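Coordinates in review
Listed below, chain by chain, are the residues.
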Amino acid sequence: MSAAPEDRLEQEPNRWPVPPEGGWTADDLDRIPGLPPHTELIDGSLVFKSPQRKFHTRAMWLLESALLAHVPADLDVDREMTIRLDASNRPEPDLLVYRADADTGPDQTWYAPEDVVLAVEVVSPDSLERDRGVKPRKYAEAGVKHFWRVEQGDDDLPVVSVYELDPATHTYTPTGIHHQKMNLSVPFRIDVDLSEIYHRGRR
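The structure contained in this document is the topic of the report that follows. (Residues numbered from 1 in each chain as written. Predicted model: local features only at pLDDT ≥ 70, side-chain atom pairs only at ≥ 80, totals over all residues. Heavy atoms only, no water.)

When helices and strands are tallied, the protein chain shows three helices and 12 strands. Burial statistics for the protein chain: of 203 residues in total, 47% are counted as buried. Pairs at least 24 residues apart make up 51% of the contacts formed inside the protein chain by residues separated by at least 6 positions. As presented, the protein chain carries roughly 10,700 Å² of accessible surface, and 50% of it is formed by carbon and sulfur atoms. (Helix = DSSP H or I, 4+ residues; strand = E, 2+ residues; numbered from the N terminus. Buried < 20%, exposed > 50% of the residue type's maximum accessible area, 1.4 Å probe, protein only. Contact = heavy atoms within 4.5 Å. Areas by Shrake-Rupley, 256 points an atom, 1.4 Å probe, with all protein chains shown as cover.)

Moving on, we come to helix α2 (residues 54-70). In this model, α2 (17 residues) spans 24 Å end to end at C-alpha, consistent with the 24 Å of a helix rising 1.5 Å per residue. All of the buried residues along α2 are Phe-55, His-56, Arg-58, Ala-59, Met-60, Leu-62, Leu-63, Glu-64, Ala-66 and Leu-67. (Expected span 1.5 Å × (residues − 1).)

The next point concerns the nonpolar core. Ranked by internal contacts, the top residues of the largest apolar core, which has 28 residues, are Leu-63, Leu-67, Val-97, Trp-148 and Met-182. Going through the elements one at a time, α2, β3 (75-79), β5 (95-99), β7 (116-122), β8 (146-152), β9 (158-166), β11 (181-184) and β12 (190-193) are the ones with two or more residues in this core. Sort the elements by how many residues they give to this core and α2 lands first, with seven residues. With residues up to four places along the chain from it excluded, the contact list for Leu-67 reads Val-77, Leu-95, Val-97, Leu-118, Trp-148, Phe-188 and Ile-190. (Core = buried A, V, L, I, M, F, W, Y, C linked by side-chain atoms within 4.5 Å.)

All chains considered together, the criterion is met by 12 salt bridges. Residue Asp-27 pairs with Arg-84 through a salt bridge whose shortest N-O separation is 3.4 Å. Of the two residues, Asp-27 is situated in the loop between α1 (5-8) and β1 (40-42) and Arg-84 in the loop between β4 (82-83) and β5; the sequence distance between them amounts to 57 residues. Taking the relative accessible area as the measure of exposure, Arg-84 reaches 24% and is therefore partly exposed. Between Arg-149 and Glu-151 there is a salt bridge, and its shortest N-O distance comes to 2.7 Å. The exposure class of Arg-149 is buried, given its relative accessible area of 12%. Using a relative accessible area of 16% as the deciding quantity, one classes Glu-151 as buried. Here the residues in one salt-bridge network are Arg-99, Asp-101 and Asp-115, joined through shared partners. (Salt bridge = Lys/Arg side-chain N within 4 Å of Asp/Glu carboxyl O.)

Pasting the structure below:
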C-alpha cells in the first residue's frame, strides 16, 4: 500500500522526500516542501538545476527581449515556467511563448502543452542530454509546435537550432541552425542579432 500524500511529503532535515512507488506526480511538484528553485519533473523523478553560467543568463535575456519585442498581441512570453505534459512530466523550459488567454493569474505554476507555441532550452553542461534528447522528444509528443535549442558556439555566441513539429509523426523537424543573426517568419516574425548577447545594445 502506498503512503498517504501527506506522509510522502514529509522530509528529514537535509534530506529530500523519498519518492513514492511509481514516482512523483505533476501535482506533487507544487506541494513538496523545500525544493530548490526551478526543480523539474521528468518521468516521475525530480531534476535539480546547477547554478547558471553567465552565457545561460545572457542568452535568456537576449532571447526574452527579442521575443517580447516581436510577439503578437494574442501571445505572451514567460521564463522558467513548467509545462504539465502529463501526470509524470513537468519540465521547465528556459523560455516559452504561450496563448495569452491561458494566463490564469499570478499564482499560476504551469501551462498545458496545447497552450504553448514555443519552448526554448538554453543548454548547460549538466542539461546537455535532457535538452538535446529527452525534453524535445517529450515536447513534440505533447504537441508543442515549435522548439529552439540554444548552445554556446566556439566564439562564445549563441547558436540557435530551430525545430518545427511534424503533425503526422509528432516529432520535430529541423528548419535551421542560426549563427550571428536569426530571422524567422514562424511562429511569428522575429529578427535577433545574436552577437548582442554580451553588449545589451552597447558597443
